[in-house]
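# Coordinates in review
Read off the chains here:
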Amino acid sequence: MISGSAELDVTLSRSKVKDANGVVTSDSKGSDVMHKYNLSLDTNPFPLLRISAGSVFLQDISTLHDLGTSPHSRTTTLSPYIDAMLSNTIYQAGLGYSRTESWQTGSSETTPATVNEDYHVTLGWRPAGLPDLTVRLSHANTFDVDRLSQDTTTNMATIGSQYTYNMFKLGYQFTGTDSMDNLHGTDNTSLLHNGSVSYADQFFNQRVSLYTHYNVTYLQSTTTAGNGGFVDTPLFPQSGISASNSDPSQGTAEQNVDNPALKDGNFTATAGINLGVVPAAVDTGNKWSIGVDFLNVTEINKILIWVDRQLPSAIAGAFSWQVWVRNASTDNWTQIDQNGNTVAANSANTVPATFGPFQNSFTLKLNNSVKTRFIKVVVNTLPQSTALTNPSFQNPERIFVTEFQGFLSQAAAQVQGTSAKVSQNFNMDVRTRLLDSPSLYHSLNLSLADTTGGGITYILDNSLILDHRLNRIFSVGASVGREDLSSGGQQSYAYLYNASLKATPLAGLSNTLVYSGRIDHSSKGTTDSNSVYLTNLAQPYKGVAFNLSTGYSLSTNLTGQESGNLSLVGGASITPRQDLSFNLSYNRSITTLSGAAAASTTTTSQSGLMGATYRPFSNLYLFASLGVQQAESRKAQYVQNYGGTWSPFPDGNLQFNFAYSENVNSLNNEKNTSLTPSLSWKVAPRAMLSLSYSLLTSDSLVSSSKSDYLSMMLRLSF
């Protein structure tokens, strides 16, 4: 079967920017023309043999005229490929070749064509009831055609096997890599062996549940240094962590949830983190925190964040990256700059990231390495304005992160010779049901890590957990435990305790009172924290829900300083009809610092939000919201969002869409508007013509801007 497609995207733009005094700082006119052609062949010449071949040609031509300057560029990419696969239910064998060549010319400079070519062979065997076997061999060359700035060769062999027998699961993978930097005469060979075994079962009439997992990694690296070059040594985290919130400095477990998909070695499956556009009606301005826990303090200076798709430069450049570290599970995060130095938390300081032309990953490099147990990057979601000004980028609401990789990048001369490193991780979780009524459990959890040169680190949790329903209305819960930690030759321990009382007097009403605390002991001293919270939830009618929570927390740090926080959180969600909804929320926080020979201080902050959405017809959607934020000694900040979309005939061959949104922020009297009418015409079953116009305006005390974008897209397929 032969198939193909052709795509033509044309965008004309004009933008004018003025400073606070009304002086024009930018007055630009630009154009961008992208044409793309795809031809593919997919055939089965024999029942078990499939052959796929094809090529993609893409060219992007852009020009910009701005206050006497007229930069222009032309980027061309050609990507042929061929793959053959022979397979049935037991075995598979395949081979293939792909090549991507990209070159750029422009007014500033002309870069030589860059080529990445890959030869690969795969073998697979999956017999029923026996260990499976997967083998992949690859040979890759990456170079510029003049062999002046880049010329590398990478040979890789991967052998993996998995086997499940009763309650046991065994796994082994070998990865051999030979990376040659032909420009500098540097050669690095790494042999990576990874073995794992896990066991899960229940005993004594299911009163005891046991889960254990052991993983060992052996990495041998041999480097022959030439005249320069760098070697990247991979790092192996204990776990991945992620969160979406407004304050990445918070270090509590709720703000940094365990995410094993960030370190599972799968570069295509999503880790549940979406960097795509968030609809204006629900956009809270939160950022994503994406990181790992090494368990041991580890040296790192290079991070790769993988996503599930290729991103054009205009989209990749719209993300702003920060790097944060922390060394103890109870400490807050610390923001660092590219040199590894501490900067003010939540500052505008960013670390540059480059998006690979041949792999779907962002690369962040630190000029100086840092030693830390935890590290994460903080990144915004794709701005709506960027998506509107790049209409050829399809599905801007879907950009999923798949993997976090950490490296220690060193000059080849520093690591010349042969080195070996062994990393071991052991996890055991035992849960024993001591009593049925009341329900009483003992929980034992052990995490142990041992790395060459890093020593043994372990965390041992011992706790008793009580859960009991007193009657139809009341239930109680409690736990008490001890946590022992050993890391870097330092021992510490903590006592943890909590108690809860929950009342459900009616089907739609619940009240929960929770008290929790912990006392930490280490060689540096003692710290403690205690809190009590009351949470009330009510749903008196279908489509009507209320929540009200209040609580107080008090903690003491190593210097004796006490920090108290009183919080109040309330909200309501009302959906009187399926097409109409209202949301209200309020948050107030009072924080007091005292002791440690310092004057007592009290800070207060509060915020509120009310919003509504209305869909009177299936093709009309309206939204509006008003928010207010006020902090100590600061003027209240008001934020308004409203807009809507209208598609009068969404089911026909000719579709019209109208979208408008407006954001008003009292800070600097800023007002941003977006107006986008668009038209799509299905000319034929496999032909689509789209026209769109976007008008973006921004006005504030600092600057003002007005931008127009006119776009045309034509897509043909056969």
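Refer to the preceding data block for the structure.
In this report, the structure presented in the accompanying data block is examined. All values derive from a computational prediction rather than experimental measurement.

### Overview of the pairing of strand β38 (residues 703–717)
- Pairing of strand β1 (residues 2–19) with β38 involves 15 bridges; the strand directions are antiparallel. Bridge pairing links Lys 18 to Ser 704 in β38.
- Here 13 bridges tie strand β37 (residues 687–699) to β38, and the two strands are oriented antiparallel to one another. Its bridge partner lying in β38, Ser 690 is registered against Met 713.
- Taken together, β37 and the strand that follows it, β38, pair antiparallel across an intervening segment of three residues.

### Some words on the environment of Glu 299
- Residue placement: Glu 299 occurs in strand β16 (residues 287–307).
- Considered as a pair, Glu 299 and Val 277 are 22 residues apart in the sequence and their alpha carbons are 34 Å apart.

### Things to note about the packing of aromatic side chains
- Per the stated rule, a full pass over the model turns up 13 aromatic pairs.
- Between Phe 267 and Trp 306, the aromatic rings sit 4.6 Å apart at their centres with planes inclined by 55°, giving tilted as the arrangement. With a gap of 39 residues between them, Phe 267 in the loop between β14 (257–258) and β15 (273–274) and Trp 306 in strand β16 connect regions that are remote in the sequence.
- Since its relative accessible area comes to 29%, Phe 267 is described here as partly exposed.
- By relative accessible area, which is 13% here, Trp 306 ends up buried.

### Some thoughts on the pairing of strand β26 (residues 490–506)
- As judged from the 14 bridges shared by strand β25 (residues 474–487) and β26, these two strands associate in the antiparallel manner. Within β26, the position partnered with Phe 474 by the bridge is Ala 503.
- Counting the residues between successive antiparallel strands, the hairpin from β25 to β26 contains two residues, one of them, Gly 488, with a positive phi of roughly 60°.
- The sheet contact formed by β26 and strand β27 (residues 509–522) spans twelve bridges and is antiparallel. Bridged to Tyr 497 within β27 is Gly 517.
- Once β26 ends, the chain turns through two residues before running back antiparallel as β27.

Quick notes on the rules
Residues numbered from 1 in each chain as written. Predicted model: local features only at pLDDT ≥ 70, side-chain atom pairs only at ≥ 80, totals over all residues. Heavy atoms only, no water. Pairing = 2+ DSSP bridges. Helix = DSSP H or I, 4+ residues; strand = E, 2+ residues; numbered from the N terminus. Phe/Tyr/Trp six-rings, centres within 6.5 Å; stacked < 30°, edge-to-face > 60°. Buried < 20%, exposed > 50% of the residue type's maximum accessible area, 1.4 Å probe, protein only.

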